[in-house]
Amino acid sequence: MTRPRSNHPGAPAWLVGVILLWALVVTPLSKGEISSPRFLVRSWQAEDGLPGGVVRSIAQGVEGYLWVATAEGLVRFDGIRFTNVEVDGGDEHSLPLSPRFLFPQTDGSMWVATAQGGLLRWDGRRLATVWKEPPGGGLNTASMQVVSDGAGGTLILHDTRTWRSAGGVPEPVERSPAIDALLRADREAWAKRGRPGVGATSVQIRDHLGRSWMTTASGGLVVSDPSGHSETITFLANETERRILELLEDREGNIWAAGGESGLLQIRERRVEMLTSAHGLATHSAMALLEDRAGALWVGGRTGGIDRVTGSGIEHFPVGPGGMGRPISALCEDGSGTLWVATRDGSIFRFIDGAFRTFPNAQAAPSKITAMVADGRGQVWLGGQQGLARWADGEFTNYGAEQGHAIGSITALAVDAKDVLWLGNSAGALFRMEGDSFQPIAREPGRRRRAISALLPESDGSLWAATLGSGLIYWHQDRVTRFTAEHGLPDTRLTCLLEDGAGHLWFGSLGGILRVRQDELREAASGGTRQPTWLQLDRSDGLLSRECSGGFQPAGWRGRDGRLWFATVSGVASIRPATVRLNEQAPRVVIEEVRANGELSPITQPLLSAGPGRSRLLFRFTALTLAAAEKAKFRVLLEGLDEGWRDIGDQRTAAYEAVPPGRYRFRVMAANGDGVWDHTGAEVPLQVLPNWWETAAFRAGAAACAMLAAVGVGAVIARGRMRRRLARLEVQRAREAERSRIARDLHDDLGASLTEISMLASLAAEEAGPGTASGNPLGEIAGKAQVLVTALDEIVWAVNPRHDTVASFVDYLAASVGESLEIAGIALRLDIPRELPAIPLEAERRHSLFLAVREAVNNAVKHSHATEILLRVRHPEAWIEITVRDNGRGFLPDAEARSTSEGLRNLNSRLASLGGECAIESSAQEGTTVQLRMPLAGPAHA
């Protein structure tokens, strides 16, 4: 239906008209909730957790719980959960609990007067009966008062009688002027706090903002500002016989009402106002919106057509021939004030002469346009699936893939103060137009990115960009910062982006409307560690749905009066940023319950215990914030197990599985719905007891036993090793004795005999005469015998164990080489340390090394024609190095020469078998140097 158009589209009074229109309509938000133009009202009944549907009295205790007295019982309320408070004991002498009035005291106690005239007291742990009925009788509970006397006691007034309690049984006291003054002041204070006196016909209260709240005879509530403006909230339109019994303002500024049979009521100031189909919009779901230069609000919906909201009302305009229901995808007002509209099917329309008319040559523009913007030069830019187009001078100019521009499917456009065009596409890429080209910015290689939903250029050349799933992008001086859930962003699916002129950014999202300070974001982008504080507005603030519409432009708009408009799936939401007050009251955190392996542990103990053995720990806690308690957030830390604080969202329990034995401290902190944290939080120490085999005593005993066992085993092993060592020494001693005997026998018997043979042969040869010596066999016998004596001497030296040291080996080697070179007529130069260590050297190894050295000396004597030979001995750590160097003619030490030399091959193979090495250097000018290196220990295979 098309309504008459307004004759005054530019009048700012249209806002007043909208408010007046809303004031005539009461829109139910959900079960148990009532709407008013300025306030949100929520109710709780028996089905929501109350013991009964008749609420008689309400009070807030020192700890922060809301206490609710119903006809059927008493409960504490943390904003989420009702907890029954039962009378301690529960036997036949306990008081039937039908509470009538609640009296909170500054010492943390809560006194409860019952409908039967009884009195109970909560001391922080239990609810105990003070008296079942007043001493002296009487059931006039309405006149009862409970007030602190300022001296550590509590005065109790019932009818005309007064008692005083100092923690025990109340004792009657005489009335005095001081007591009368104290009771009178208490009655006056209660009357101002929302509890009517005896005979009062209405309930009233004055809140912290100076507003007056007063009940009406019809069951409603009148709210009056200090300026004189008043508003009536009607809760019970068809049940005028019911009335509000008490009012209460809690510490966060919420107003609570004991509504009798209407249950428990909460009244909070609305921070989000809604404009819906109930107010006259033709569409239930808004897609795109803008405010034109005349001050009219245009709303494009999912079901087609556009609504114009002015001070005269709401007027609907069909879009397209026949008024077909084409969802609106983009809106734009050009420099001449003409409204442009794009629909989901790709059509473009302009508002001319009071109707939307098809755009000529629209087929030349990109298909399925989702963003349009006008610049200061009179040009209109249109972005869609096929790229970008510009309308100027009556024609379109396309910038797409066919024209060589790789800008993809355009989803967001913006023009800054310098008329520079900024673009965002469906792949999350950002571009800035320079001339007729597009400069890509904010590149993040390898990152999966979602579509850009809104752009906000800054005067300093930086850019804010909202995305549909990848959070918020800030591009500044070629540096990209992306804000996601890691930075506290409540929802990364952002649909629009606005600034309020007071230093805040506002976002529509699929999880409500968000707000954050720009300077906090910039500080975080520059490397600051402080987490930005995000405000999240949702149903508890007046939204009908948390989901804001996304994917179309503009999905949000800042009006000329500063009001912010957001398209949502349930209509249009509006916010007045200057009137949004934060709840600065940090919530008090209370740990309500600790369970170890399913068993409840009393929290009153100084140290809770669990176990023995690995245990499952469950902690239940709450945050005492009554304003939108469902938005409270928690962080937990189990000191001794967790490495750091864990964000657990709105969960009010934390469970730990298989916690090992040890001492721990569980800590929890909370933030209210506006992000104000209580960093002190609450904590509880506990210990998980070990099993008997995990105790320190058992471990100490086990360690001692293990030590004794180790000592015993070590002693057995050491004794076995000693026995084996003694056996080896015994075998070695026997071998050495045998070697000594063999050496002695060889030297004394065989050596003496060979020497005697050599001497007799020499004498016989001499007697035969000098002329016959050369041909005499006796001379040959003497020579052979002498050779055998020398060889036998070497064998005796090798066998004798007294020579199994490095020092003995070197002494014998020097003597033997000296004798050989003296016979050959070659000088010997020795380079041997003065003192050599008596390190053991196995007989086989020293004999093989001796043969290798003698081989090197013999080669020098035979082939070098040297006049001098140097014998050098060195002892580097566990090695022995022997160098034989002559001053002869040398030879060429190439591979072929070595392969043809039997002596050289013997040296290499002999040293290799000892684990050593042989190095030979030779030249015609400097002679030949043979270096033999051998480890002092190792197997010998020579």
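This write-up is about the structure you can find in this document. Given the structure is predicted, the values throughout are model-derived calculations rather than measurements.

1. Structural notes on the packing of aromatic side chains
- As enumerated under the stated definition, the model contains 32 aromatic pairs in all.
- Between phenylalanine 39 and tryptophan 213, the ring centres sit 5.2 Å apart and the planes meet at 65 degrees, which makes this aromatic pair edge-to-face. Remark: tryptophan 213 occurs in strand β16 (residues 212-215) and phenylalanine 39 occurs in strand β2 (residues 39-44); sequence separation between them is 174 residues.
- The exposure class of tryptophan 213 is buried, given its relative accessible area of 1%.
- Note on tryptophan 692 and phenylalanine 698: the rings are 5.2 Å apart at their centroids and 85 degrees apart in plane angle, and the pair reads as edge-to-face.
- What makes tryptophan 692 exposed here is its relative accessible area of 58%.
- These aromatic residues form a ring-pair network of at least three members: Phe619, Phe621, Phe634, Tyr656 and Phe666.
- Lying over the aromatic face of tryptophan 190, arginine 193 brings its terminal NZ or CZ to 4.1 Å of the ring centre.

2. Details of the sheet that holds strand β52 (residues 608-610)
- Reading across from one edge, β52-β58-β57-β54-β55 is the order of the five strands in this open sheet, with mixed pairing throughout. The open sheet terminates on both sides in strands that have one partner only, identified here as β52 and β55 (646-649). Across this sheet, the average inter-strand angle for adjacent strands is 30 degrees, counted without regard to direction.
- Relative to β55, strand β54 (residues 633-639) is paired through three bridges, and the arrangement is antiparallel. Across the sheet, arginine 635 pairs through a bridge with aspartate 647, a residue of β55.

3. Digging into the nonpolar core
- Phe809, Leu813, Val853, Ile880 and Ile882 are the most contacted members of the largest nonpolar core, which has 33 residues in total.
- Contributions of two or more residues to this core are made by α6 (806-824), α7 (843-863), β60 (868-874), β61 (879-886), α9 (902-913), β62 (917-923) and β63 (927-935).
- Of all the elements, α7 adds the most residues to this core, at eight residues.
- By size, the runner-up hydrophobic cluster in this structure holds 26 residues, among which are Val594, Ala610, Phe634 and Leu686.

4. Focus: the pairing of strand β53 (residues 615-624)
- Among the 10 residues that make up β53, seven are buried, leaving the element largely enclosed by the rest of the structure.
- Relative to β53, strand β50 (residues 588-596) runs antiparallel, the two being bridged by eight bridges. Bridge pairing links valine 594 to phenylalanine 619 in β53.
- Of the strand pairs in this sheet, β53 and strand β56 (residues 653-659) are connected by five bridges, and their pairing is antiparallel.

5. Looking at the sheet that holds strand β9 (residues 119-122)
- The strand order β7-β8-β9-β10 describes an open sheet built from four strands, whose pairing is antiparallel. A single partner strand is all that each edge strand has here, and the edge strands are β7 (99-104) and β10 (127-131). Across the sheet, the mean angle separating the axes of adjacent strands is 25 degrees when strand polarity is ignored.
- Bridge count for β9 against β10 is four bridges, and the pairing is antiparallel. Looking across to β10, one finds that leucine 119 is bridged to tryptophan 131.

6. Some words on the environment of aspartate 460
- Structurally, aspartate 460 can be placed in the loop between β39 (452-457) and β40 (463-467).
- Among the residues examined, aspartate 460 registers a relative accessible area of 47% and is labelled partly exposed.
- A polar side-chain atom of aspartate 460 sits 2.6 Å from a polar atom in the side chain of serine 462.

7. Brief notes about the pattern of salt bridges
- By the definition in use, this model includes 47 salt bridges.
- A salt bridge links arginine 595 to glutamate 593, with the nearest nitrogen and oxygen atoms 2.9 Å apart.
- Since its relative accessible area comes to 27%, arginine 595 is described here as partly exposed.
- Put simply, Asp78, Arg81, Glu592, Glu593, Arg595, Arg620 and Arg652 are held in one network by salt bridges that share partners.

8. Here we look at a positive patch on the surface
- Residues Arg721, Arg724, Arg725 and Arg728 make up a contiguous surface patch of positive charge.
- Here arginine 728 is to be found in helix α4 (residues 696-767).
- Residue arginine 728 is classed as exposed on the basis of its relative accessible area, which comes to 53%.

9. A few points about the environment of glutamine 145
- Mapped onto the elements, glutamine 145 comes out in strand β11 (residues 145-148).
- Accessibility expressed as a relative area gives 5% for glutamine 145, which makes it buried.
- Separated by 42 residues in the primary sequence, glutamine 145 and phenylalanine 103 have C-alpha atoms spaced 7.8 Å apart.
- In this structure, glutamine 145 is in contact with Phe103, Leu155, Ile156, Leu157, Leu183, Asp186 and Arg187, ignoring residues within four places of it in sequence.
- Within the local environment of glutamine 145, its side chain forms a polar contact with the side chain of arginine 187, the two groups lying 2.9 Å apart.

10. Structural notes on α6
- Its 19 residues give α6 an end-to-end C-alpha distance of 27 Å, which sits within 8% of 27 Å, the value for a rise of 1.5 Å per residue.
- For α6, the full list of buried residues reads Val806, Ser808, Phe809, Val810, Tyr812, Leu813, Ala814, Ser816, Val817 and Leu821.
- Directly after α6, the chain includes glycine 825, whose backbone phi takes a positive value near 75 degrees.

11. Structural notes on the pairing of strand β21 (residues 264-269)
- Burial analysis of β21 places five of its six residues in the buried class, which makes it a mostly covered element.
- Looking at chain direction, β2 and β21 are connected through six bridges and run antiparallel. Looking at β21, one finds that phenylalanine 39 is bridged to glutamate 269.
- Alignment of strand β20 (residues 255-258) against β21, held across four bridges, turns out to be antiparallel. Note on β21: the bridge partner recorded for alanine 257 is leucine 265.
- With antiparallel pairing between neighbouring strands as the criterion, β20 and β21 make up a hairpin whose turn holds five residues, including glycine 260 at a positive phi of roughly 60 degrees.

12. Some remarks on helix α3 (residues 518-525)
- Three or more residues of α3 are buried, namely Gln518, Glu520, Leu521, Ala524 and Ala525. In an axial view of α3, the angular spread of the buried residues amounts to 165 degrees, which keeps them on one side of the axis.
- Buried residues belonging to α3 abut β40, β41 (472-476), β42 (479-483), β44 (504-509) and β45 (512-517).
- Trailing α3 by a residue or two, glycine 527 shows a phi angle of about 105 degrees, which is positive.

13. With respect to a nonpolar patch on the surface
- A surface patch of nonpolar side chains, amounting to about 370 Å² of accessible area, comprises Trp692, Trp693 and Phe698.
- Position of tryptophan 692 relative to the elements: it lies in the loop between β58 (677-688) and α4.

14. A few points about the environment of arginine 522
- Along the chain, arginine 522 falls in helix α3.
- With relative accessibility at 32%, the residue arginine 522 sits in the partly exposed group.
- A sequence separation of 48 residues divides arginine 522 from tyrosine 474, and the C-alpha atoms of the two residues are 8.5 Å apart.
- Setting aside anything within four residues of it in sequence, one finds arginine 522 in contact with Glu458, Trp464 and Tyr474.

Thresholds, definitions, all that
- Residues numbered from 1 in each chain as written.
- Predicted model: local features only at pLDDT ≥ 70, side-chain atom pairs only at ≥ 80, totals over all residues.
- Heavy atoms only, no water.
- Phe/Tyr/Trp six-rings, centres within 6.5 Å; stacked < 30°, edge-to-face > 60°.
- Helix = DSSP H or I, 4+ residues; strand = E, 2+ residues; numbered from the N terminus.
- Buried < 20%, exposed > 50% of the residue type's maximum accessible area, 1.4 Å probe, protein only.
- Lys NZ or Arg CZ within 6 Å of the ring centre and 35° of its normal.
- Pairing = 2+ DSSP bridges.
- Axes fitted to C-alpha atoms, helices over the stretch in contact; angles between N-to-C directions.
- Core = buried A, V, L, I, M, F, W, Y, C linked by side-chain atoms within 4.5 Å.
- Polar contact = N/O pair within 3.5 Å; in protein donor to acceptor, adjacent residues only side chain to side chain.
- Salt bridge = Lys/Arg side-chain N within 4 Å of Asp/Glu carboxyl O.
- Patch = residues over 30% accessible without salt bridge, like charges linked within 9 Å, V, L, I, M, F, W, Y side chains within 5 Å.
- Areas by Shrake-Rupley, 256 points an atom, 1.4 Å probe, with all protein chains shown as cover.
- Lys, Arg positive; Asp, Glu negative; His and termini not counted.
- Charge placed at Lys NZ, Arg CZ, Asp CG, Glu CD.
- Contact = heavy atoms within 4.5 Å.
- Expected span 1.5 Å × (residues − 1).
- Arc of directions from axis to C-beta.

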